[in-house]
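Chain by chain, the residues run as shown.
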Amino acid sequence: LALADLAAAGKLNPEQTDRFIRTLIDQPTLLRRVRTKAMSAPQMKINKIGFGSRILRPAVESTALAVGDRAKPDLSQIQLDTNEVIAEVRIPYAVLEDNIEGGNVNVDPQNGAGGMHQTIVDLIAERAALDLEELGILGDTASADPYLKLQDGFLKRATANVVNAAGVISKDVIKAGVKAMPDKYLRNRAAMLHFLSTDNETDLRDQYASRQTALGDAHLQSANRIMVFGSNVEPTALMPTANGLLTEPINLIFSIQHDIMIEYDKDIRTREFIIVLTSRVAFQIEEVNAVVKYSGITP
């Protein structure tokens, strides 16, 4: 038996892996909005290139630009470093034997127990989506929570433009956020989103609904997205009430290492079927200056 045989035993096949990742990011969370990158290794570098300042100069006929007037692009990199996460699920034999989907406790390492196998994978993905959103938003390497301490999330990384609301959410707070964004990033406001907690989105909707206009009635009676100063508000399940983010979603990066593993075992003493899922994930902001963080929002 070769080491390569052992390494391959518990991995999802490519079709299962792709389905798992699709199920994960299709959940109604922040993850389905941000840029998702599948990594094949624990570390990845993303190259950045652009011109951060003026490159045009007055032209003089038959004269080349002086060396000091020539332009060159700004080159930089951001690095993604994954951390391993794990989930364990135990299912009694009776559940697998008696459920309507069926299932075989004689485990096939490649295909699982049949029957409930894909159902369980989908349920794991649904719950993992919330857990990963929590890490992506609230991750802080200084946290006392061992899970949140794995790496810094979007709120911790968004340090360039911070707006202290010092009160309830309102159009004035949103206005301050838009004005805090450097002008060069405001060329496409329609692509930006205000990621707010569901409570803050509801409060903002209520303020609009209090207007005795057709637009006010629409915000009260429908679930249509709220647009403020040219950008939509996106209610985000695990965003803290005190915080929010304004940016283009593609500026927020969620990476999941493609080498997802689901392994199976049985405990014959407790008559339980064991499922263990492991993967490696990372979160990063491509351009920190293109993010506004709201803080100090009160209920």
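Predicted model only: the values in this text are computed from it and were never measured.

Trainee: Any chance you could explain the side chain of Ser295 here in plain terms?
Mentor: Structurally, Ser295 can be placed in strand β13 (residues 292–297). Leave out the neighbours within four places in its chain, and Ser295 touches Val162, Val163, Asn164, Ala165, Ala166, Ala242 and Asn243.

Trainee: What am I meant to see in the sheet that holds strand β9 (residues 244–247) here?
Mentor: Within a beta sheet, neighbouring strands are joined by backbone hydrogen bonds and run either parallel or antiparallel to one another. Spatially, the six strands line up as an open sheet ordered β5-β13-β9-β6-β8-β7, and their pairing is mixed. Each edge of the sheet is formed by a strand with only one pairing partner; in this case those strands are β5 (161–167) and β7 (227–228). Bridge count between β9 and β13: three bridges; the pairing is antiparallel. Residue Leu246 lies in a different strand from β13, and its bridge partner there is Val292. Sheet contacts for helix α6 (residues 171–180): β5, β6 (193–197), β7, β9 and β13; angle to β5, the most-contacted strand, approximately 165°.

Trainee: Could you clarify how one ought to interpret the pattern of salt bridges in this entry?
Mentor: The tally for this structure, following the rule as stated, stands at 14 salt bridges. Between Asp267 and Arg90 there is a salt bridge, and its shortest N-O distance comes to 3.8 Å. Residue Asp267 is found in strand β11 (residues 261–267), and its partner Arg90 is found in strand β4 (residues 83–92); the two are separated by 177 residues along the sequence. A relative accessible area of 15% means that Asp267 is categorised as buried. You can call Arg90 partly exposed: its relative accessible area is 40%. The partner of Glu272 in a salt bridge is Arg90, and the shortest N-O contact between them spans 3.2 Å. Residue Glu272 is found in strand β12 (residues 272–285), and its partner Arg90 is found in strand β4; the two are separated by 182 residues along the sequence.

Trainee: Sorry, what's going on with unusual backbone geometry here?
Mentor: Among all residues except glycine, the phi angle is most often negative; among peptide bonds, the trans geometry is most common. The phi angle at Phe229 is positive, at roughly 50°, despite the residue not being glycine. With respect to the element layout, Phe229 can be found in the loop between β7 and β8 (231–236). In this structure, Arg271 is a non-glycine residue whose phi angle is positive, near 55°. Here Arg271 shows up in the loop between β11 and β12.

Trainee: Hey, could you run me through the packing of aromatic side chains in this one?
Mentor: The geometry of two aromatic rings is summed up by the distance between their centres and the angle between their planes. Enumeration according to the criterion identifies two aromatic pairs in this entry. Where Phe154 meets Phe283, the ring centres are 5.8 Å apart and the plane angle is 90°; that geometry is what we call edge-to-face. A residue pair is termed long-range when its members are at least 10 positions apart, and Phe154 in helix α5 (residues 154–157) and Phe283 in strand β12 qualify at 129 residues. Taken as a pair, Phe154 and Phe283 share a single burial class, namely buried.

Trainee: What is the right way to read the environment of Val291 from this model?
Mentor: As for its placement among the helices and strands, Val291 is situated in the loop between β12 and β13. Look at Val291 and you get buried, because its relative accessible area is 0%. Separated by 99 residues in sequence, Val291 and Met192 place their C-alpha atoms 9.8 Å apart. Not counting chain neighbours up to four residues away, the residues in contact with Val291 comprise Ala158, Asn161, Met181, Leu245, Leu246, Thr247, Asn251 and Ile285.

Trainee: Sorry, what's going on with α6 here?
Mentor: Since one α-helical turn is 3.6 residues long, residues separated by three or four positions face the same way. Buried within α6 we find Val173, Ile174, Gly177 and Val178. One side of α6 holds all its buried residues, which, seen down the axis, span an arc of 140°. Those residues of α6 that are buried are in contact with β5, β6, β7, β9 and β13.

Trainee: So what exactly am I meant to see when it comes to helix α7 (residues 198–209) here?
Mentor: Counted at 1.5 Å a residue, the expected span for α7 with its twelve residues is 16 Å, and the 16 Å between its end C-alpha atoms agrees. By the burial criterion, the buried members of α7 are Asn200, Glu201, Leu204, Arg205, Tyr208 and Ala209.

Trainee: Can you walk me through the confidence of the model for the chain in this structure?
Mentor: Close inspection of predicted coordinates is inappropriate for parts of the model with low pLDDT. Summary statistics for the chain give a mean pLDDT of 81 and a share of 77% for residues scoring 70 or more. Scored below 50 in pLDDT, residues 1–10 makes eight contacts in the model with residues more than four places away or belonging to other chains.

Trainee: Is there a simple way to think about the pairing of β11 in this case?
Mentor: Side-chain positions along a regular strand alternate between the two faces of the sheet. Inspection of the sheet shows β11 paired to β12 by seven bridges, in the antiparallel sense. From the neighbouring strand, Asp265 faces β12, where its bridge partner is Ile274. Counted between consecutive antiparallel strands, the loop separating β11 from β12 contains four residues, among which Arg271 sits at a positive phi close to 55°.

Trainee: Would you mind going over the side chain of Asn251 with me for this structure?
Mentor: Structurally, Asn251 is set in the loop between β9 and β10 (252–257). Exposure remark for Asn251: the relative accessible area of 8% places this residue in the buried category. Here Glu287 takes part through its backbone nitrogen, which lies 2.8 Å from a polar atom of the side chain of Asn251. The contact partners of Asn251, leaving out residues within four places of it in the chain, are Gln284, Ile285, Glu286, Glu287, Ala290 and Val291.

Criteria and thresholds
- Residues numbered from 1 in each chain as written.
- Predicted model: local features only at pLDDT ≥ 70, side-chain atom pairs only at ≥ 80, totals over all residues.
- Heavy atoms only, no water.
- Helix = DSSP H or I, 4+ residues; strand = E, 2+ residues; numbered from the N terminus.
- Contact = heavy atoms within 4.5 Å.
- Pairing = 2+ DSSP bridges.
- Axes fitted to C-alpha atoms, helices over the stretch in contact; angles between N-to-C directions.
- Salt bridge = Lys/Arg side-chain N within 4 Å of Asp/Glu carboxyl O.
- Buried < 20%, exposed > 50% of the residue type's maximum accessible area, 1.4 Å probe, protein only.
- Phe/Tyr/Trp six-rings, centres within 6.5 Å; stacked < 30°, edge-to-face > 60°.
- Arc of directions from axis to C-beta.
- Expected span 1.5 Å × (residues − 1).
- pLDDT = per-residue confidence, 0-100.
- Polar contact = N/O pair within 3.5 Å; in protein donor to acceptor, adjacent residues only side chain to side chain.

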